[in-house]
Amino acid sequence: MSDFHSYASLPFYPGPVSLHPAAARALSRDYGPPRMGDDYLRLYGSVRSRLQKALGTREDVILGTGEAMLVLWGALKSLLRPGDTVLSVGTGVFGDGFADMARAIGCRAVCISEPYDRTISESTLQRVAEAVRLHRPLLITAVHCETPSGTLNPLEALGALKKDLGVPFLVVDAVASVGGAPVRADAWNADCVLGGSQKCLSCPPDMCCMSVSAAAWERIAEVGYAGYDALTPFRGAAEDAMRFPYTPNWWGVAALSAALNALEEEGWDAVFARNEATAKLCREGLVRRGVALWPAQDAVCSPTVTAISVP
Ligand SMILES: *Cc1c(COP(=O)(O)O)cnc(C)c1O
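Criteria and thresholds
- Residues numbered from 1 in each chain as written.
- Predicted model: local features only at pLDDT ≥ 70, side-chain atom pairs only at ≥ 80, totals over all residues.
- Heavy atoms only, no water.
- Near = heavy atom within 4 Å.
- Polar contact = N/O pair within 3.5 Å; in protein donor to acceptor, adjacent residues only side chain to side chain.
- Areas by Shrake-Rupley, 256 points an atom, 1.4 Å probe, with all protein chains shown as cover.
- Nonpolar A, V, L, I, M, F, W, Y, C, P; charged D, E, K, R; others polar.
- Helix = DSSP H or I, 4+ residues; strand = E, 2+ residues; numbered from the N terminus.
- Contact = heavy atoms within 4.5 Å.
- Buried < 20%, exposed > 50% of the residue type's maximum accessible area, 1.4 Å probe, protein only.
- Salt bridge = Lys/Arg side-chain N within 4 Å of Asp/Glu carboxyl O.
- Pairing = 2+ DSSP bridges.
- Axes fitted to C-alpha atoms, helices over the stretch in contact; angles between N-to-C directions.
- Right-handed = clockwise from strand over helix to strand, strands pointing away.
- Parallel < 35°, antiparallel > 145°, perpendicular 65-115°, else oblique.
- Left-handed = near helix turned anticlockwise from the far one by under 90°.

J.: What is the right way to look at the site of the ligand in this model?
T.: By nearness alone, every residue bordering the ligand is listed as Glu67, Ala68, Met69, Phe94, Cys145, Thr147, Asp173, Val175, Ala176, Gln198 and Lys199. In the environment of the ligand, an oxygen atom lies 2.4 Å from a nitrogen or oxygen atom belonging to the side chain of Thr147. Here an oxygen atom of the ligand and a side-chain polar atom of Lys199 are 2.7 Å apart. Summarising the interface, the protein chains cover 91% of the accessible area of the ligand, which totals 380 Å² for the free molecule. For the shell around the ligand, the class distribution of residues is six nonpolar, two polar and three charged.

J.: Would you take a moment to explain the side chain of Arg219 for this structure?
T.: Tracing the chain through its elements places Arg219 in helix α7 (residues 214–223). One polar contact links Arg219 to Asp84, side chain to side chain, over a distance of 2.9 Å. If we skip the residues at most four places from it in the chain, Arg219 touches Ser78, Leu79, Leu80, Arg81, Asp84, Leu138 and Phe169.

J.: Just checking my understanding: could you explain unusual backbone geometry for this structure?
T.: One can expect most non-glycine residues to show negative phi and most peptide bonds to be in trans. With a phi angle near 45°, Arg136 is a residue other than glycine that sits in the positive phi range. You can see Arg136 is positioned in the loop between α5 (122–135) and β4 (139–143). Residue Arg136 is classed as exposed on the basis of its relative accessible area of 53%. Although it is not a glycine, Tyr246 adopts a positive phi angle of roughly 70°.

J.: Would you mind going over the pattern of salt bridges with me for this structure?
T.: Any two side chains of opposite charge can pair if their charged atoms end up close together. Going through the model one piece at a time under the given rule, you end up with twelve salt bridges. A salt bridge links Asp60 to Arg48; its shortest N-O distance comes to 2.7 Å. One end of the pair, Asp60, is in strand β1 (residues 60–65); the other, Arg48, is in helix α2 (residues 38–55), with twelve residues separating them in the sequence. A relative accessible area of 18% places Asp60 in the buried class. Linking Arg219 and Glu222 is a salt bridge whose minimum nitrogen-to-oxygen distance equals 3.4 Å. Here the residue Arg219 and the residue Glu222 both occupy positions in helix α7, the gap between them amounting to three residues, near one helical turn. Put simply, Asp84, Arg219 and Glu222 are held in one network by salt bridges that share partners.

J.: Looking at this structure, I do not really get the sheet that holds strand β8 (residues 192–196). What am I missing?
T.: Strand pairing in a sheet is mediated by backbone hydrogen bonds. Such pairs are either parallel or antiparallel. One open sheet accounts for seven strands, arranged β1-β9-β8-β7-β4-β2-β3; its pairing is mixed. Strands at the two margins of the open sheet, each flanked by one partner only, are β1 and β3 (108–113). This sheet shows a mean twist of 20° between the axes of neighbouring strands, independent of strand direction. Here α5 sits on the sheet and contacts β2 (85–90), β3 and β4; the angle it forms with β3, its principal contact strand, is near 160°.

J.: Just to check I follow, could you spell out the pairing of β2 for this structure?
T.: Side chains on a regular strand alternate between the two faces of the sheet. Most of β2 is tucked away, with six of its six residues classed as buried. Residues Thr85, Leu87 and Val89 line one face of β2 and the alternating positions Val86, Ser88 and Gly90 line the opposite face, and both faces are buried. As paired strands, β2 and β3 are joined by six bridges and run parallel to one another. Across the sheet, Val86 pairs through a bridge with Ala109, a residue of β3. In the classification by handedness, the crossover that spans β2, the intervening helix α4 (residues 93–104) and the parallel β3 is right-handed. With three bridges joining them, β2 and β4 adopt parallel strand pairing. Residue pairing across strands places Leu87 opposite Ile140, the latter belonging to β4.

J.: Which parts of the structure should I look at to understand the packing of α2 against helix α8 (residues 250–266)?
T.: Between two packed helices, what matters for the description is the angle formed by their axes and the separation of those axes. Between α2 and α8, the shortest axis-to-axis distance is 10 Å and the interhelical angle comes to 45°. One element, α2, and the other, α8, form an angle in the oblique class. Of the two elements, α2 crosses α8, and the hand of that crossing is left-handed. Only Trp250, Val253, Ala254, Leu256, Ser257, Leu260, Asn261 and Glu264 of α8 make contact with α2, whose side of the interface consists of Asp39, Tyr40, Leu43, Tyr44, Val47, Arg50 and Leu51. Residues belonging to the contact of α2 with α8 are distributed by class as follows: ten nonpolar, two polar and three charged.

In structure tokens form, the structure reads like this:
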């Protein structure tokens, strides 16, 4: 790896990752019409309650058919009205991307943007506190694992600040950490934590999930956004097959269920420890070969994705 120039033309894609063999087997089965209805709801309900654990919440969890971007847009469009103020805390591409999305739907976005090789720190929190007092945002956005930066933002303190300062909502993108690192929606005071199937859960890019706090459901009902990415149709959908929005995606949910089975069998603590150990090995191996890591010294490296500095 002495000459990086030969790698300069390597295309880098954001995924998907390899399928878990159990997920692949689940995908190859037929879940034809006789299996719709209540059977589907049982499977959906089981995946939903197991994702509650993965997302660290006792609140509601919904599962949608589509890439994670579906719930990212769905969350913002369902919680926000044009003119609302959003405080976006960004330490990378996805973090600052929330501000662009908020602006695209007519909101005012205030950005606390850190260099992309850093993670949320004391000084970030000070800037957040000042911005909250000055701009009174309705909602704060943040990203747990900043995939392109290979970093993992600590969110406890941000969540505590959100609560102390009385900001109504916190939305967290945990797409690249859910299933691979501890995600703690409730401990972070996060109203919506968003995840996808094709990163740490080793499934195809066709499912997304999201925790929804009771306060968030109230706000969503108030805003009344309608659209394919709207969240309202999913409220209570898990209880009634006749009310289930759209075609049940048996394949996607069955694959998620199979992947979750495998992770649960291994044990969540063991899964997290394995990812930490793998990432550490990866970082040490790279550094030994003279490759600089992208995250700054005092940033938190993600256990789920490793980013290097390409000269
Ligand atoms: C991959 C990713 C997304 C979006 O995923 P899609 O597959 O494009 O839906 C959002 N946020 C983060 C941090 C990601 O890594």
